[in-house]
Every structure is written in C-alpha cells, then in structure tokens.
Amino acid sequence: SDFQSLLVFDSEDFQRFVEEAFRFEGFDVPICVPLGDSNIENKLANAQAKFLILDLTGSEDLQSDISAMSHVIPTGMNVLVVGMEDKISVERDMRQLGFHYTFWSNDKVNLIESVKNAELNWRGTAETSRYRQAKRIALLGTRGGVGTTTLSAFLAKCLSEVHSSHCVIVDQNNFGGHFDVVLGAKHAGKKELASGSTG
C-alpha cells in the first residue's frame, strides 16, 4: 500500500484499534506518536506522511484542545480528528479550521470509511483544504523610513515566538532591503529569485 499516515494517540487502546483497522484494510500501519510527546512539533514538521489521525477521544473540551494543537500541525497535512462529541457544531468548527472530524465509535469499518472519505476529499481539493493553506500578510511602505521593515520583523517575531507559527519573510525591496540587520542575522545573504517566481 502507498497510503502513509501518522497517528497522534492519546490512549494505547486507541492506538491498537487504529493499527488493527489499518492492517485489516491492507494499509500500512501509521507511524505512532503519543499526544504528550515533548518533541511532537518537530516530529510533525518533519513527518513524511501527509495524513494525520489525531486522537482526541480523551478530550473534555474538544474545541479548545484542537485550537491549542492546530499551530503545530503543518499546513499541508490532511487531518482527521477523532473525538467523543457527537455534535454538528463540532464538525462545523473543525471544517473551519481545515480538519475532518469523526465521532468515535468502536467500529473499525466506520473508522476506515472516515479515513477514506477524508483522504478522497483532500485529494479532490475539498473545501477543507482551502482553510489549511498558508496565510499571507503583505505590508507595503510607500517610501523608506516609514517602519515597514520594523513592523514586518515584529509581526514575524510575534507569529513565530508567541503563536509558534512557522513564518517566512519575503522582502521585495530591490534596492535597499535590510531585514538581515533588523533580525540580527549576521551571515544572511541575498538570494536570486527566478523570473516570474513572485507573480
């Protein structure tokens, strides 16, 4: 099977359940990471698998827990959240975050169907994928000295340090850009962009 996935599990019982369901279906068993792993952000960021099953069956406040977790999940990862709340509002909230959701039931067939539906919807660029796209913020300074570079650097710092978001800064000042100075990056150099890559 070429279906590669990652399971972030809260309980070992759920881990065993998913592994059994995947084996029965002929899928490769997911790579498993405990929900409480201290290095979970790094493991998610470097995962080869692009399909994530997130076990939140032990959650007492699903919306809060997924909001707290969402910043460590890479934007390009397809996510199926499994929880104990059987409410339309939960599914709607998950969809707005760009996640698929399924209510936990002790039925392997239902789990596999949810996995297949989430994967098919993702490959078909369903509505949820729109919410998982990286956000872009543009700051435009009409002339030098108005603080565009400083504000951009401060915003990037807040996004990366306060909100733990991955952040890329693109300075399109062709003449006097000095982001390296503002950010304190002593050995940063300019990189040439291919023609048409900024369109």
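In what follows, the structure referred to is the one given above.
Quick caveat, the model's predicted, so the values are computed rather than measured.

Colleague: Can you lay out the overall build of the protein for me, pointing to particular residues and giving the numbers?
Modeller: Within the protein one finds eight helices and five strands. Seen in sequence order, the protein has helices and strands lined up from the N terminus as β-α-β-α-β-α-β-α-β-α-α-α-α. The buried share of the protein, reckoned over its 199 residues, is 34%. When the accessible surface of the protein is totalled, it reaches about 12,900 Å², and 50% of it is carbon and sulfur.

Colleague: Hey, could you go over helix 1 (residues 12–25) for me, with residue numbers and the actual values?
Modeller: Between its terminal C-alpha atoms helix 1 stretches 20 Å, which fits the 20 Å expected from 14 residues at 1.5 Å a residue. The complete set of buried residues in helix 1 reads F14, Q15, F17, V18, E19, A21 and F22. One or two residues past the end of helix 1 sits G26, with phi positive at roughly 90°.

Colleague: Hey, could you go over the nonpolar core for me, with residue numbers and the actual values?
Modeller: Counting 22 residues, the largest nonpolar core has L44, I73 and V81 as the members making the most contacts within it. Put simply, the parts of the chain that give this core at least two residues each are strand 1 (6–9), helix 2 (40–45), strand 3 (51–56), helix 3 (62–70), strand 4 (78–83) and helix 4 (88–97). Ignoring sequence-local partners within four residues, the contact set of V81 consists of L54, L56, I66, M94, F99, H100, Y101 and T102. Membership of the second largest hydrophobic core comes to 17 residues, among which are F9, F17, V18 and L111.

Colleague: Outline the pairing of strand 4, supporting the account with residue identities and numerical values.
Modeller: A large share of strand 4 lies buried, amounting to six of its six residues. Of the two faces of strand 4, the one lined by N78, L80 and V82 and the one lined by V79, V81 and G83 are each fully buried. Inspection of the sheet shows strand 3 paired to strand 4 by six bridges, in the parallel sense. Within strand 4, the position partnered with F51 by the bridge is N78. Relative to strand 5 (residues 100–103), strand 4 runs parallel, the two sharing four bridges. Bridge pairing in strand 5 places G83 opposite F103. Crossover strand 4 to strand 5 through helix 4 is right-handed.

Colleague: Any details on the sheet that holds strand 1? Residues and values, ideally.
Modeller: Whenever strands of a sheet pair, they do so through backbone hydrogen bonds, lying parallel or antiparallel. Spatial strand order, 2-1-3-4-5: five strands in an open sheet with parallel pairing. Every interior strand has two partners, whereas the edge strands, strand 2 (31–34) and strand 5, have only one. Averaged over all pairs of adjacent strands, the angle between their axes in this sheet comes to 20°, without regard to strand direction. Both strand 1 and strand 2 contribute to a ladder of four bridges, which runs parallel. Paired with V8 across the bridge in strand 2 is V33. Of the strands in this sheet, strand 1, strand 2, strand 3 and strand 4 touch helix 1, which is tilted by about 155° from strand 1.

Colleague: So what's going on with the packing of aromatic side chains? Which residues, and what values?
Modeller: Given two aromatic rings, one states the distance between the centres and the angle between the planes to describe the pair. For the coordinates displayed, the defined rule picks out four aromatic pairs. Ring geometry for F17 and W104: centres 4.8 Å apart, planes at 80°, overall edge-to-face. Pair noted here: F17 is in helix 1 and W104 is in the loop between strand 5 and helix 5 (108–123), with a separation of 87 residues, a long-range link. When its relative accessible area of 6% is taken as the criterion, F17 is described as buried. On the basis of relative accessibility, which here comes to 21%, the residue W104 falls in the partly exposed class. Among the aromatic residues, those joined into a ring-pair cluster are F14, F17 and W104.

Conventions we followed
- Residues numbered from 1 in each chain as written.
- Predicted model: local features only at pLDDT ≥ 70, side-chain atom pairs only at ≥ 80, totals over all residues.
- Heavy atoms only, no water.
- Helix = DSSP H or I, 4+ residues; strand = E, 2+ residues; numbered from the N terminus.
- Buried < 20%, exposed > 50% of the residue type's maximum accessible area, 1.4 Å probe, protein only.
- Areas by Shrake-Rupley, 256 points an atom, 1.4 Å probe, with all protein chains shown as cover.
- Expected span 1.5 Å × (residues − 1).
- Core = buried A, V, L, I, M, F, W, Y, C linked by side-chain atoms within 4.5 Å.
- Contact = heavy atoms within 4.5 Å.
- Pairing = 2+ DSSP bridges.
- Right-handed = clockwise from strand over helix to strand, strands pointing away.
- Axes fitted to C-alpha atoms, helices over the stretch in contact; angles between N-to-C directions.
- Phe/Tyr/Trp six-rings, centres within 6.5 Å; stacked < 30°, edge-to-face > 60°.

Purely geometric stuff here, so don't read any function into it on its own.
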